[in-house]
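Structural overview for review
The chain contents come next:
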Amino acid sequence: MQTTLNSLKKGEKAIIKDFDIDTVPLKLLEMGCLPGNLVELLQIAPFGDPLYLNINGSHVAIRVETAKEIEVDIIKTNLW
Amino acid sequence: MDIQEILAFVALAIALAFLIRKFFLKKKKSDKNCGDDDDCGCH
Amino acid sequence: MVSNQNINVALIGNPNVGKTSVFNQLTGLNQQVGNYPGITVEKKIGFCKLPNNVKANILDLPGTYSLNASSIDENVVIELLLNKNDKLYPDVALVVTDVENLKRNLLLFTQIKDLEIPTILIINMADRMAYKGITLDIPYLEEHLKTKIALISSRKGFGIDALKKLIVNYKSISSEPCLNASSIDPEYFNTLRKTFPNQLLYKLWLVITQDVNFLNLDRKEIRSSFTKSHSDLKRLQQKETIKRYQFINDVLKVGLKIDETVAKDFRSKLDRVLTHKVWGYFIFFLILFVIFQSIFEWSKIPMDFIDSTFASLSSLTADNLPAGVLTNLISQGIIPGIGGILIFIPQIAFLFMFISILEESGYMSRVVFLMDKIMRKFGLSGKSVVPLISGTACAIPAIMATRNIENWKERLITILVTPFTTCSARLPVYAIIIALVIPDNRVFGFLNMQGMTLMLLYLLGFGMAIFSAYILNKILKIKGKTYFVVEMPNYKLPLFKNVGINVIEKTKAFIFGAGKIILAISIVLWFLASYGPGEKFNNAEKIVTENTKENPLSEAEFENAVASQKLENSYIGLMGKTIEPAISPLGYDWKIGIAIISSFAAREVFVGTLATIYSVGGSDNEVTIKNKMAAEINPVTGEKIFNFASGISLLLFYAFAMQCASTLAVTKKETNSWKWPAGQLIFMSGFAYVVALIAYQILK
């Protein structure tokens, strides 16, 4: 099974691998959500949704349903 | 009719003209250009 | 004024980069706020004196993340930049960026550059560089971005003079593009170039991908020969974005250094508290509570002062001008009418002040984040919170603020329910009725009962908005892609200048927009109340004398009786009497009925209307509007007209009824259909009638 952005834990970092171009909004791409970029989960809203992320230096919040469309490689924190 | 009454009715005419322009002739104006209006009918 | 001799400067930038502060720094109070023709997007133009006696028109364009527009506001930017014939087409573009978000902000910059407009790059918030450990290699950046850079701080006000010098010398700025558009898809762009050899490739690309009006080209022609499927276009747009970021990353690798060890992180600490699952909500409601308490408490003294000033002004004119019709019109119609407008300045100014502080500080985005999941249960979006809160000022800009809600169903529901929130026009009505029927006591020593009632009314408005959203969400069958992207800007201390200018602009719009209507209506009302048809009006003295033959009245009582006999038989009295059967079950008399009808021009006219009616018909013992209303007595039952039951009934009526023609017009514009505003009018007003009826019948 693929790891997607919504499975990150608070404070975890990941590298964006791939996503479905038709479901991820262009605005998010413009914010820096592009393959190869670093993403960090900063906060999870009460009730588990939306997610507050730092994508490539941009601070944005997106819903879990969008995060599910974005495949990532989680970076093990002990390496950092 | 004294001067006061005449002036008062002039004021009434101005007020009526303003209200009619604002509420009944508004349509045409706003479709073309609303930029001259203070707030385009806000409030 | 807009003049052709002046340089046209367009201010462009992402949201939250301090673009408005830069605009305010350049123009001060020399601003004009209007709308773009045909659409309700705010158009702000300011004027700025530059060195060497050059003048500039500064156009503050709506904030946008890129030239790929996703809303009407963003469309405005592209349409202007693509249309060389527009009288505001910029001679020079200023792209405002935030030094902390330079990478993302430069995306828009590279797009503007590719339109081959001379562009100055403004790097704002430079005062935070040391704090964040940032160093910039300006000459390197200028060379590679092919521009001139103004390093400024619009908060601290430094760098503005240097910026002005750059604007004056705009002709020396390169208009060479940064990125070669054809590198996105060489084959595709080569055919494009062959077909339209005289057009800029990037412009063609924008026209193909966007829904904009482009005057020089027939879009259909391009479309048919170069159509691509939606997802193919998006793939190309993604490629474009990647190319741009590659270019930006390469430039910033050398031009921007961040020393992470120096950087201080205030944001994450504050975020942890403000978006906390308990503290987050607690703080949010505390803030709302403080706002509504203070609107009532702080406004009281200036409001009472304005009220009594106008009351004494009114009696002063009546006593000192020669007696006659005009004097009466001035003292009973015009002065109370103007007083009825000005009295609400304190409350409206406070309200706009709080809203602009919430938006300026960056807190509003945290509320969006905090509320999204909850709001979705009601078919709304977290972003609906912004219209619902700014709806407390005016539903019109609030409905326009729904444009950044991406999902159509969520947006439509937000538009439909926003008018339930307590707008500033309801405030005057609430304020005066609360003051009349709710005792000015304190509970637990600090909670003001009147302030609490006001807060309850605001909560009632929000509650009703959310409840109807829930119902609409069940009824409406609209499917659409849902997505939600919201930027979480850095926290900023709100700038006094920005908040101040905003408050002044909005208050001015209220006084001159609503004020003119209120004034005109009070003049008309005075005439309708002072003249009447037939015997009963013209022979009022005789009739009163005959009716009171058995127990003669004192002189003052006689005069009052004549005045009310006249008022009841004046034109307005006859109109009011006609509708009285419909409203008396709600606890209102015909005078309130007239005030409600005139409220359809603007809700706040209610108070002015009553003030005018009571001035014409009332006793002279009571001078202020409030006291006049308090003294009104029902001639049949001998009870006060504004008692607890009728007061609550009125409050509820005003809370729910749709009484704003301008809001209906905006709803029509934003939804492109008469169906929705008609629904608002019928449902909201019908509901208001029923609720007010039930409340009065229970409480009386």
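What counts and what doesn't
- Residue numbers run consecutively from 1 along every chain, following the written order of its sequence.
- Starting at A for chains and at 1 for ligands, labels are handed out in the order in which the entities are written.
- Where totals are concerned, whole chains, interfaces and linings use all residues; where local detail is concerned, this predicted model gives features only for residues with pLDDT of at least 70, and gives and counts side-chain atom pairs only at 80 or more.
- UniProt positions are given in the numbering used here, feature names are shortened, and annotations may be inferred rather than shown by experiment.
- Starting at the N terminus, helices and strands are each numbered in turn, a helix being any DSSP run of H or I of at least four residues and a strand any DSSP run of E of at least two.
- A set of buried residues drawn from Ala, Val, Leu, Ile, Met, Phe, Trp, Tyr and Cys, joined through C-beta atoms within 7 Å, is what defines a nonpolar core.
- With C-beta atoms placed from the backbone, a residue is labelled by how many other C-beta atoms lie within 10 Å of its own: buried for 20 or more, exposed for 12 or fewer, partly exposed between the two.
- Contact between residues is assigned whenever the C-beta positions, reconstructed from backbone atoms, fall within 7 Å.
- Segmentation into domains, and thus their bounds, comes from an automatic or database assignment.
- All amino acids are sorted into three groups, where Ala, Val, Leu, Ile, Met, Phe, Trp, Tyr, Cys and Pro are nonpolar, Asp, Glu, Lys and Arg are charged, and the leftover types, Gly among them, are polar.

The name given to chain C in an unreviewed UniProt entry is Ferrous iron transport protein B, and the organism recorded there is Flavobacterium gawalongense. What UniProt states about chain C under its Sequence similarities (unreviewed entry) heading is, verbatim, "Belongs to the TRAFAC class TrmE-Era-EngA-EngB-Septin-like GTPase superfamily. FeoB GTPase (TC 9.A.8) family." UniProt lists a comment for chain C under the heading Function (unreviewed entry), and it reads "Probable transporter of a GTP-driven Fe(2+) uptake system."

The name given to chain A in an unreviewed UniProt entry is Ferrous iron transport protein A, and the organism recorded there is Flavobacterium gawalongense.

A few words on the overall build of chain C. Regarding its fold elements, chain C presents 31 helices and 12 strands. For chain C, the C-alpha atoms occupy an extent of roughly 105 × 55 × 55 Å along the three principal directions.

Moving on, we come to the nonpolar core. Residue and element names in this part refer to chain C. Within the largest apolar cluster, 154 residues are counted, with the highest numbers of intra-cluster contacts made by Y430 and I433. With 14 residues, the single largest contributor to this core is helix α21 (residues 496-530). Beyond its immediate chain neighbours, meaning those up to four positions away, Y430 contacts L454, L457, L651 and Y654. Listed in part, the 65 residues of the second largest apolar core include F23, L67, L82 and I184.

Glancing now at the domain arrangement of chain C. Residue and element names in this part refer to chain C. The assigned domain composition of chain C is domain 1 (7-172) and domain 2 (181-255). In this assembly, 23 residues from domain 1 lie in contact with 20 residues from domain 2. Elements supplying a minimum of two residues to the side of domain 1 that touches domain 2: α2 (72-82), α3 (102-113) and α5 (138-145). Counting residues per element, the side of domain 1 that touches domain 2 draws most heavily on α3, at five residues. Here the side of domain 1 that touches domain 2 is built from residues that sort into 12 nonpolar, six polar and five charged.

The next subject is unusual backbone geometry. For the bond running from D49 of chain A to P50 of chain A, omega is -10°, close enough to zero to count as cis. Within the secondary structure layout, P50 of chain A lies in the loop between β2 (38-44) and β3 (51-55). Even without glycine at this site, F47 of chain A takes up a positive phi of about 70°. With respect to the element layout, F47 of chain A can be found in the loop between β2 and β3. For N672 of chain C, which is not glycine, the phi dihedral falls at a positive 60°.

In this section: the arrangement of the chains. With two pairs of chains in contact overall, the greatest share of contacts is found between chains A and C. Regarding chain A and chain B, which are not in contact, the minimum distance between any of their C-alpha atoms is 30 Å.

Before going further, it helps to spend a moment on the UniProt feature "transmembrane region" (unreviewed entry) in chain C. Residue and element names in this part refer to chain C. The positions that UniProt labels "transmembrane region" (unreviewed entry) are, in the present scheme, residues 278-296, 334-358, 378-400, 412-438, 450-472, 509-529, 644-666 and 678-699. A distance of 33 Å separates the end C-alpha atoms of residues 450-472, which is 100% helix and 0% strand. Here residues 644-666 runs as 83% helix and 0% strand, with 35 Å between its end C-alpha atoms.

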